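Breakdown of the fold
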Amino acid sequence: MLQAAIRAGVHERRCVFETFTRRLPAGRRYGVLAGTGRFLEELDNFVFDDAQLSFLQDHHVVDGPTLEYLAKFRFSGSIRGYAEGEAFFPHSPVLQVEAPFAEACVLETLLLSILNYDSAVASAASRMTGAANGRPCLEMGSRRAHERAAVAAARASVVAGFSGTSNLEAGRRYGVETIGTSAHAFTLLFDDEESAFRAQLDSLGRGTTLLVDTYDVEQAVRRAVDLAGPELGAVRLDSGDLAAQAVAVRQLLDDLGNRDTKITVTSDLDEYAIAGLAAAPVDSYGVGTRLVTGSGAPTSSMVYKMVAREDADGRLVSVAKRSRGKGSTGGRKHAARRLDRDGTAIAESVALSPDLVGGPDFRQLMHPLVIDGDILPGSTGPEGLRSAVARHHESTRELPRAIRRLSEGEPAVPTEFLDH
């Protein structure tokens, strides 16, 4: 497309592209936008180096003029969109790119690959933290993901309320709290369980978490208390009937005088399993596979569509795709969330005119992120992640209580087009 547009002399035409999803995954009441900060970090360094240009040339992917264009590529356009961590609904224009066609075209795969995956993880993570009802959720899914996706998943889970991650690279890069426990292999390394527990306590202190289901749970809990006393930080359960075991272990810990020792559970948890443990005396949840795979929805199905372009006279005109079932709505959008008197969201309002989504009943959703190629501060790195965490918390607070239902149903907030 880029080569053909350059040959036709239309590659510099100003265009507006919007990112949105036509529908939420089955049964989901809302989505959570994540990955904006990662996208902007990649955009800041998005150039074509000599090795990449040589590949394109040697394999005859593009012609000479296109290679010359790519050698000088720098994004010069502007981007606005929803704040990272914000809830979204069908047709929410979560990211809007205004740039020459060539620049906007080249960014498509980068943008969609990041937002689709990160938002899928954050959307699943939000359902899990909602089901946990204030109990900490810990991300432990790196072994179930691509090595680079593991870092993205850890970051996205924190956007949606997870308290920490076992991924050290995410901790280094984004300032996320890192956590971890020993595996069964550590216990099996020693001649007996007592030796394993003693080694861990000697190295990490009594506040550590001991894994108690390698052999016999009751014996392991008694052994852990004998060795660490009431200062034992926590025990971890990783198999069997977690609810029943948590009840039994809590009673045993209390009887032994360890009322402050916490119980954390792992083992293929998802939002449904977490909800099922609501009445159990569980203090935290470690979640892996289901989290990093979007808990059944591994993509957010976001698309990137042109909605306006410059015509031959230099005017910006609306354009739209009319394919059955995959149509789009033309024109540069403005979006706001309409609230009732109590501050609860009642509609996702989208309009071509900003005047239609103004006033005290609306909270504006779209904010500038990049202006004329310059990335505005505050959306990337640890600072951007902290802002996203806060936005997710505030965004979900204003949504109807229906968002916490795990049963199938319509989006919690309908999308309304005010001038179409």
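A few points on the structure. All values reported here derive from a predicted model rather than from experimental measurement.

What to know about the overall build of the protein chain
Within the protein chain, the regular secondary structure consists of 15 helices and 19 strands. For the protein chain, the spread of C-alpha atoms along the principal axes amounts to about 85 × 60 × 35 Å. Within the span of the protein chain, comprising 420 residues, buried residues form 50% of the whole. Look at the contacts in the protein chain between residues 6 or more apart in sequence, and 74% of them connect residues 24 or more apart. Summing over all exposed atoms, the protein chain offers an accessible surface of approximately 19,500 Å²; the carbon and sulfur share of this is 48%. The average position of the 47 basic charges and that of the 56 acidic charges among the side chains of the protein chain differ by 6 Å.

Details of the nonpolar core
In a soluble, globular protein the nonpolar side chains are often hidden away together inside. By size, the foremost hydrophobic cluster in this structure holds 63 residues, and its most contacted members are Leu 237, Val 265, Ile 274 and Tyr 285. Element by element, the count of residues in this core is highest for helix H6 (residues 108–132), at 8 residues. Here Tyr 285 is in contact with Ala 132, Arg 135, Pro 136, Cys 137, Leu 138, Thr 264, Val 265, Leu 269, Ile 274 and Leu 277, once residues within four sequence places are set aside. Formed by 44 residues, the second largest nonpolar core is a distinct cluster that contains Tyr 69, Val 106, Leu 365 and Met 366.

As for the pairing of strand E10 (residues 262–265)
Examined bridge by bridge, strand E9 (residues 234–237) and E10 share 4 bridges and lie parallel to one another. Across the sheet, the residue bridging to Ala 234 is Lys 262, located in E10. Following the chain from E9 across helix H12 (residues 242–255) to the adjacent parallel E10, one finds a crossover that is right-handed. In the sheet, E10 pairs with strand E11 (residues 284–287) via 2 bridges, with the strands oriented parallel. Its bridge partner being in E11, Val 265 is matched across the sheet by Tyr 285. As a crossover connection, the stretch from E10 through helix H13 (residues 271–276) into E11 is right-handed.

Structural notes on helix H3 (residues 50–58)
The backbone nitrogen of Ala 51 has a side-chain oxygen 3.2 Å away, supplied by the residue at the start of H3, namely Asp 49. One or two residues past the end of H3 sits His 60, with phi positive at roughly 55 degrees.

Thoughts on the sheet that holds strand E14 (residues 334–339)
The 4 strands are arranged E16-E14-E15-E19 in an open sheet whose pairing can be described as mixed. Each edge of the sheet is formed by a strand with only one pairing partner; in this case those strands are strand E16 (362–364) and strand E19 (415–417). Each adjacent strand pair in this sheet contributes to an overall mean axis angle of 30 degrees, direction not counted. Looking at chain direction, E14 and E16 are connected through 3 bridges and run antiparallel. Pairing of Arg 338 across the sheet is with Phe 362, part of E16.

Rules of the game
Residues numbered from 1 in each chain as written. Predicted model: local features only at pLDDT ≥ 70, side-chain atom pairs only at ≥ 80, totals over all residues. Heavy atoms only, no water. Helix = DSSP H or I, 4+ residues; strand = E, 2+ residues; numbered from the N terminus. Buried < 20%, exposed > 50% of the residue type's maximum accessible area, 1.4 Å probe, protein only. Contact = heavy atoms within 4.5 Å. Areas by Shrake-Rupley, 256 points an atom, 1.4 Å probe, with all protein chains shown as cover. Lys, Arg positive; Asp, Glu negative; His and termini not counted. Charge placed at Lys NZ, Arg CZ, Asp CG, Glu CD. Core = buried A, V, L, I, M, F, W, Y, C linked by side-chain atoms within 4.5 Å. Pairing = 2+ DSSP bridges. Right-handed = clockwise from strand over helix to strand, strands pointing away. Polar contact = N/O pair within 3.5 Å; in protein donor to acceptor, adjacent residues only side chain to side chain. Axes fitted to C-alpha atoms, helices over the stretch in contact; angles between N-to-C directions.

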